[in-house]
Amino acid sequence: MFAAKLAPPQPFQSKSGPLARRPANATLPPQNCIAETFRIEQEPILLATLLNTRFDRRKLLLTGGAIALVGALPSFITAAKADDTVSAADLADPGPQADIWIGSEKAPVTIVEYASMTCPHCAHFSETTYPELKKRYLDTGKARYTLRSFPLDALAAAGFMVARCAGNDKYMPVVETLFAKQVDWIVKEPIPPLMGIAKQFGMTEDAFKACLSNQKELDAIQGVRDRAVEKLGINSTPTFFVNGKKLVGDVTIDQMSKEIDPYLKEG
């Protein structure tokens, strides 16, 4: 089962700790290795498998076809290139899993984030930049935002499954909680704390078990990720698109504002 093969990355710490010394994104292997190491096996997550799995947080790279989590890109955002803007049609189609949007449909700026639930820099963005982004732009109708699944390991896929099973209205609150509590559930025995978080949002134990055994949901999560690689060239998290322009890494609110504000002046 794929859940037994992969280990999650370490949870993030403050800027004064290990996070500040690590690249600002978690990446897939080099492009020529993706075909062999990237795909999640087409099998459901069995709760019993996860329960019996002991994750070693010190192992960031496993052999035997596991996904590599290595720092390959520089800190902050990658410099924009001519091909860093994708077509509106490619970006508008998320794949087999519908987008859940925050903000007005009439907003002049559209922000799409691809994230992994076990990515420490995605969590850092969620806790530091996203609240201000929401306050300045999403709540004021200036921009709209969606977060798409790009799991870099099996536990991240499980986190996305829980968020989706909670329902559209609870999706982002669950995502934000999972990011904020990475240190609690990215552990050797992740199921009890993950179930505890699910219960905070009204999910029963039976519903939680059914969620993690939902093959259709897992296939959809994988489909979103596969399409992002094939059509958008994504190979690390977090990756953002601001009106189609690609930004890679843990961006600050100032960096995000630099991309958003020119579109507001045009209006």
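Please refer to the structure higher up on the page.
How each quantity is defined
Residues numbered from 1 in each chain as written. Predicted model: local features only at pLDDT ≥ 70, side-chain atom pairs only at ≥ 80, totals over all residues. Heavy atoms only, no water. Axes fitted to C-alpha atoms, helices over the stretch in contact; angles between N-to-C directions. Helix = DSSP H or I, 4+ residues; strand = E, 2+ residues; numbered from the N terminus. Left-handed = near helix turned anticlockwise from the far one by under 90°. Contact = heavy atoms within 4.5 Å. Nonpolar A, V, L, I, M, F, W, Y, C, P; charged D, E, K, R; others polar. Buried < 20%, exposed > 50% of the residue type's maximum accessible area, 1.4 Å probe, protein only. Pairing = 2+ DSSP bridges. Salt bridge = Lys/Arg side-chain N within 4 Å of Asp/Glu carboxyl O. Phe/Tyr/Trp six-rings, centres within 6.5 Å; stacked < 30°, edge-to-face > 60°. Disulfide = S-S within 2.5 Å. Lys, Arg positive; Asp, Glu negative; His and termini not counted. Core = buried A, V, L, I, M, F, W, Y, C linked by side-chain atoms within 4.5 Å.

**Details of the packing of helix α9 (residues 191-200) against helix α10 (residues 205-212)**
Taken N-terminus to C-terminus, the directions of α9 and α10 make an angle of 115°; their axes are 10 Å apart at the nearest point. The way α9 lies across α10 gives a crossing that is right-handed. Of the residues in α10, those touching α9 at Ile191, Leu194, Met195, Ala198 and Lys199 are Glu205, Phe208 and Leu212. Its residues assigned to classes, the contact of α9 with α10 shows 6 nonpolar, no polar and 2 charged.

**Examining the pairing of strand β6 (residues 239-242)**
Here β6 shows no split at all, with Thr239 and Phe241 on one side and Phe240 and Val242 on the other all buried. As defined by bridge partners, β6 adjoins strand β7 (residues 245-248) across 4 bridges and the pair is classed as antiparallel. Within the sheet, the bridge partner assigned to Val242 lies in β7 and is Lys245.

**A look at the pattern of salt bridges**
In this structure the tally under the stated criterion is 7 salt bridges. We note a salt bridge from Arg227 to Asp90, for which the minimum N-O separation is 3.9 Å. You can see Arg227 sitting in helix α11 (residues 215-232) and its partner Asp90 sitting in helix α3 (residues 88-92), a full 137 residues away along the chain. Of the residues examined, Arg227 reaches a relative accessible area of 15% and is grouped as buried.

**Focus: the packing of aromatic side chains**
Taken as a whole, this structure holds 4 aromatic pairs when the rule is applied. Judged by centre distance (6.4 Å) and plane angle (85°), the ring pair of Tyr114 and Phe150 falls under edge-to-face. Of this pair, Tyr114 sits in strand β3 (residues 109-115) while Phe150 sits in the loop between β4 (143-149) and α6 (154-165); the two residues are 36 residues apart in sequence, bridging distant segments of the chain. Ring plane angle 50° and centroid distance 4.6 Å describe the contact between Phe125 and Phe240, whose orientation is recorded as tilted. One end of the pair, Phe125, is in helix α4 (residues 120-128); the other, Phe240, is in strand β6, and 115 residues separate them in sequence. Each of the two residues, Phe125 as well as Phe240, counts as buried. A connected cluster of aromatic rings, assembled from ring pairs, spans Tyr114, Phe150 and Phe241.

**A word on the environment of Ser126**
Inspection of the secondary structure puts Ser126 in helix α4. Ignoring anything within four residues of it in the chain, the contact list for Ser126 reads Pro131, Glu176 and Phe179.

**So, the state of the cysteines**
One pass over the full model with this rule turns up 1 disulfide. Put simply, Cys165 and Cys211 are joined by a disulfide, and their sulfur atoms are 2.2 Å apart. The disulfide joining Cys165 to Cys211 has a torsion of about 95° about its S-S bond and is therefore right-handed. Residue Cys165 is located in helix α6, and its partner Cys211 is located in helix α10; the two are separated by 46 residues in the primary sequence. Residue class for Cys165 comes out partly exposed when judged on its relative accessible area of 30%.

**What about the side chain of Arg144?**
Note on placement: Arg144 falls in strand β4. Glu105 is the oppositely charged side chain nearest to the buried, salt-bridge-free Arg144, at an N-O distance of 5.6 Å. In contact with Arg144, other than residues within four places in its own chain, are Trp101, Ile102, Gly103, Ser104, Glu105, Ala107, Val109, Thr110, Ile111 and Leu138.

**Re the sheet that holds strand β2 (residues 101-102)**
An order of β2-β4-β3-β6-β7 is seen for the 5 strands of this open sheet, with the pairing classed as mixed. A single partner strand is all that each edge strand has here, and the edge strands are β2 and β7. As paired elements, β2 and β4 share 2 bridges and run antiparallel to each other. Bridging from a neighbouring strand, Ile102 pairs with Tyr145 of β4. Sitting on the sheet, helix α7 (residues 168-180) is in contact with β2, β3 and β4, with an inclination near 65° to β4.

**Some thoughts on α4**
Of all 9 residues in α4, 7 are buried; the element is thus mostly enclosed. Among the residues of α4, those classed as buried are Pro120, His121, Cys122, Ala123, His124, Phe125 and Ser126.

**Focus on the nonpolar core**
Ranked by size, the top nonpolar core spans 53 residues in total, and within it Ile111, Leu133, Tyr145, Leu147, Phe208 and Met256 carry the most contacts. Per-element accounting of this core gives the leading share, 8 residues, to α6. Beyond its immediate sequence surroundings of up to four residues, Leu147 is in contact with Glu113, Ala115, Phe160, Tyr171, Met172, Val175 and Phe179. Counting 12 residues, the second largest nonpolar core, distinct from the first, contains Leu91, Val224, Ala228 and Val229.

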